[in-house]
Amino acid sequence: MFYFKKSNVKSLKIARILGVSLLTLNLGVAAEYSLLNVSYDPTRELYRAYNQEFTAYYKEKTGDIVNISQSHGGSGAQARSVIDGSPADVVTLALAYDIDAIASKGKLPQNWQSKFPNESTPYYSTIVFLVRKGNPKNIQDWNDLIRDDIKVVTPNPKTSGGARWNHLAAYGYALRNNNNDEQKAREFLLKLYKNVPVLDTGARGSTNTFVKRNIGDVLLAWENEAHLSLEQIGRDKFDIIIPSLSILAQPPVAIVEETTQKRGTTAIAQEYLTYLYSPKAQEIIAKNYYRPTLKEVADKYQATFPPLNLLTIKDFGGWQEAQAKHFSDGGEFDKIFEAIKRER
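The structure contained in this document is the topic of the report that follows. (Residues numbered from 1 in each chain as written. Predicted model: local features only at pLDDT ≥ 70, side-chain atom pairs only at ≥ 80, totals over all residues. Heavy atoms only, no water.)

**Description of the side chain of threonine 121**
The criterion, for reference: Secondary structure elements are taken from DSSP: a helix is a run of H or I of four residues or more, a strand is a run of E of two residues or more, and numbering for both begins at the N terminus. Contact criterion: two residues are considered in contact whenever any of their non-hydrogen atoms come within 4.5 Å of each other.
Relative to the elements of secondary structure, threonine 121 occurs in the loop between α5 (117-120) and β4 (123-124). Residues within four places of threonine 121 in sequence aside, it is in contact with Gln250, Pro251, Pro252, Tyr277 and Thr293.

**Regarding the packing of helix α6 (residues 161-176) against helix α14 (residues 319-327)**
Heads up, the rule is: All axes are obtained by fitting lines to C-alpha atoms, using only the stretch in contact for helices, and the reported angles, taken between N-to-C directions, cover 0 to 180 degrees. Comment on the angle field: the value is read as roughly parallel under 35 degrees, roughly antiparallel over 145, roughly perpendicular from 65 to 115, and oblique elsewhere.
The N-to-C vectors of α6 and α14 enclose an angle of 85 degrees; their axes lie 12 Å apart at closest approach. By the angle between their directions, the pair α6 and α14 is classed as roughly perpendicular. Facing Arg164, Trp165, His167, Leu168 and Tyr171 of α6, the residues of α14 in contact are Trp319, Ala322, Gln323, Lys325, His326 and Phe327.

**Examining the pairing of strand β1 (residues 32-39)**
As a reminder, the rule being used: Buried residues are those whose accessible area, probed at 1.4 Å on protein chains only, stays under 20% of the maximum for their type, while exposed residues exceed 50% and partly exposed ones sit between those limits. Strand pairing requires that DSSP identify at least two bridges connecting the strands. A clockwise course of the path from the first strand over the helix to the second, judged with the strands pointing away from the viewer, identifies a crossover as right-handed.
Among the 8 residues in β1, 6 count as buried, and that is most of the element. Examined bridge by bridge, β1 and strand β2 (residues 65-71) share 7 bridges and lie parallel to one another. Along β2, the bridge assignment pairs asparagine 37 with glutamine 70. Handedness of the crossover joining β1 and β2 through helix α2 (residues 44-62) is recorded here as right-handed. The pairing of β1 with strand β3 (residues 90-92) spans 3 bridges and is classified as parallel. The partner of asparagine 37 across the bridge, within β3, is valine 90.

**Topic: the nonpolar core**
Test applied: Among the buried residues, those of types Ala, Val, Leu, Ile, Met, Phe, Trp, Tyr and Cys that are joined through side-chain atoms within 4.5 Å form a nonpolar core.
Ranked by internal contacts, the top residues of the largest apolar core, which has 85 residues, are Val91 and Trp142. When residues in this core are grouped by element, the largest group, 8 residues, is from α6. Residues contacting tryptophan 142, with those up to four places away along its chain left out, are Ile127, Phe129, Asn166, Ala169, Ala170, Tyr173, Phe188, Leu192, Leu220, Pro243 and Leu245. Grouped together as the second largest cluster of nonpolar side chains are 10 residues, Val128, Leu130, Val153 and Ala221 included.

**Some points on the packing of α6 against helix α7 (residues 182-194)**
This is how the line gets drawn: A clockwise turn of the near helix away from the far one marks a right-handed crossing, whereas an anticlockwise turn of less than a right angle marks a left-handed crossing. Think of it as three bins: nonpolar holds Ala, Val, Leu, Ile, Met, Phe, Trp, Tyr, Cys and Pro, charged holds Asp, Glu, Lys and Arg, and polar takes everything else, Gly as well.
With their axes 8 Å apart at the nearest point, α6 and α7 run at an angle of 135 degrees to one another. Taken together, the axis directions place α6 and α7 in an arrangement best described as oblique. The two elements α6 and α7 meet at a crossing, and its hand is right-handed. Taken together, the residues of α7 that come into contact with α6 (itself represented by His167, Ala170, Tyr171, Tyr173, Ala174 and Leu175) are Glu182, Ala185, Arg186, Phe188, Leu189, Leu192 and Tyr193. Class assignment of the residues belonging to the contact of α6 with α7 gives a composition of 10 nonpolar, 1 polar and 2 charged.

Just geometry here; none of it tells us what the structure is for.
Pasting the structure below:
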């Protein structure tokens, strides 16, 4: 039986306020931490596996216990939830603009992207097409998505990070194939969105619409979502089509320092995100169909991840410019949506 001095009891009360159940102090008792990772829609399986690995690694390293909670949703909506007060210790979102939005409110440093390797991007992905088995509509590239007989499933770029990658990939393709004529690229997007029967708020919602509700001929999907659909629903149900041109989708990570400094969890949050770059974590990343950034792991999965012809966000002037032009209030997406409503 332990007998605590009054000073130690006081220390334990302080520890609990900081998010630590039992500090080691001079008691020889393991610490217990809680950590909240606010993430975007299609990372549920990835972080379920990673959190299990990380808690085991951290307990073996330190003897301490980490209880990790997850929150998932459309990346833009998740960023707004953190801005509005969600007590995230870390964010692992779909694109840098959403973390920039959090930083603009003073919740983490403006230079957050310099805190971890690869501009704080431990894995990357791209956008592919998921079609019904046998590809009955013979969908091969972006130009097929504007045909009158095609129904396209994609989420809403106002709330979903994946949808913004989809939008920019389609726009970039249209520019490349129309001598950078922006008017023709806008007309291409208008035709594409006319073929979208429903705009879900997040990527996972769109996946469910396509694979479970059986709506649409093609899903514009994160590469990992497409592979998970084959794995979980059935390889006899769907095929993956790689378009001639797609986009380098970089989902970054960051510590929400306003939260971690209050809770005393900065060190554990740092460890949590740093470990994403480790060989064991990169294996988990690859097995969940995200592309690893560690070369030794990436080389092992070349058959899973074929080389691609990719645009980057720099082709659109960076996220600040792309967001302002395409996804802000009154931007290109709003104009397209209003035009479609008028026609209907």
